[in-house]
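Residue-level structural notes
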Amino acid sequence: MTKSIITVSREFGSGGRTIAHKVAERLGVPYYDKELIKAVAEKTGFDPKFIEERGEYAPGRTIFSMLPVFDGTQGALSAADFLWAMQRQVILDLADKGPCVILGRCADYILREQKPVRVFAYADMESRIKRCMERRPEDENLTEAQMKKRITEIDRNRAKYYTFFSGQKWGARENYDLLVNTSGADISKLASALCGYLEALSE
């Protein structure tokens, strides 16, 4: 079993979340995604759904971003900075517990001193649209054009968030140890292959 901390960043619709979950299962290590959101919610008092939506968005000139929050130690912070600080601490605390897989939220950058294995999943737009259309809720009636627009917007927000807090370019190969192209791939088989790679790294 790998002894590494693994961070998985991903383009929307690339299957990165599924890969991260399957890799954690097969390696027998904790997987942090919704659990991370829950921990941040407990620390901040913010609604989990709000954290999930805003936790990967760069601060902008919104009421949320500029709203002051008094954390009792650093004085007044903007709500956006407060959420970032709490997310960062939760990620550091989870990584301190041992080997794990952490999805998104700049974990690769936050944990850079721990030298995690940093994975980035991407795919061509056709594959991403297909995957999102297949997995969308039954009551969601988006056209392929509308889905492409959603994918593009989510990726744009993730890129801005990553650059804002890390000063690095999201998806740039120099910021990751492994880039995984999921275009037209069987995610389960890809996850198995990735596990083999990760286990070889730890030998």
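Presented here is an overview of the structure given in this document. (Residues numbered from 1 in each chain as written. Predicted model: local features only at pLDDT ≥ 70, side-chain atom pairs only at ≥ 80, totals over all residues. Heavy atoms only, no water.)

**So, the packing of aromatic side chains**
Here is the rule we go by: A pair of aromatic rings is counted whenever rings of Phe, Tyr or Trp (Trp by its six-membered ring) have centres within 6.5 Å, and the orientation is called stacked for planes under 30 degrees apart, edge-to-face for over 60 and tilted otherwise. Only DSSP runs of H or I reaching four residues or more are called helices, and only runs of E reaching two or more are called strands; each is numbered from the N terminus. Between buried and exposed lies partly exposed: a residue is buried under 20% and exposed over 50% of the maximum accessible area for its type, with that area taken using a 1.4 Å probe on protein chains only.
Here the structure, examined in full by the defined rule, presents 8 aromatic pairs. For the pair Phe46 and Phe82, a centre-to-centre distance of 6.1 Å together with 85 degrees between the ring planes defines the contact as edge-to-face. Residue Phe46 is located in the loop between α2 (34-44) and α3 (48-54), and its partner Phe82 is located in helix α5 (residues 79-96); the two are separated by 36 residues in the primary sequence. The class for Phe82 is buried, based on a relative accessible area of 8%.

**A closer look at the pairing of strand β5 (residues 100-103)**
Quick note on the threshold: Here a strand pair is declared whenever DSSP counts at least two bridges between the two strands.
With burial as the criterion, each face of β5 is covered, one bearing Cys100 and Ile102 and the other bearing Val101 and Leu103. Sheet analysis places strand β1 (residues 5-10) next to β5, joined by 4 bridges and oriented parallel. Counted as the bridge partner of Val8 is Leu103 from β5. With 2 bridges joining them, strand β2 (residues 31-32) and β5 adopt parallel strand pairing. Each residue of the ladder has a partner; that of Tyr31, found in β5, is Val101.

**Points about the pattern of salt bridges**
Operational definition: When a carboxyl oxygen of Asp or Glu is within 4 Å of a side-chain nitrogen of Lys or Arg, the pair counts as a salt bridge.
A complete count under the given rule lists 7 salt bridges for this structure. The shortest N-O distance in the salt bridge between Asp33 and Arg17 comes to 2.7 Å. Residue Asp33 is found in the loop between β2 and α2, and its partner Arg17 is found in helix α1 (residues 16-27); the two are separated by 16 residues along the sequence. Judged by its relative accessible area of 5%, Asp33 is buried. For Arg17, a relative accessible area of 35% puts it in the partly exposed group. In this structure, the salt-bridge partner of Asp177 is Arg118, at a minimum N-O distance of 3.1 Å. With Asp177 in the loop between α8 (144-166) and β7 (178-181) and Arg118 in strand β6 (residues 117-122), this pair connects stretches of sequence that are 59 residues apart. Assessed through its relative accessible area of 23%, Arg118 is described here as partly exposed.

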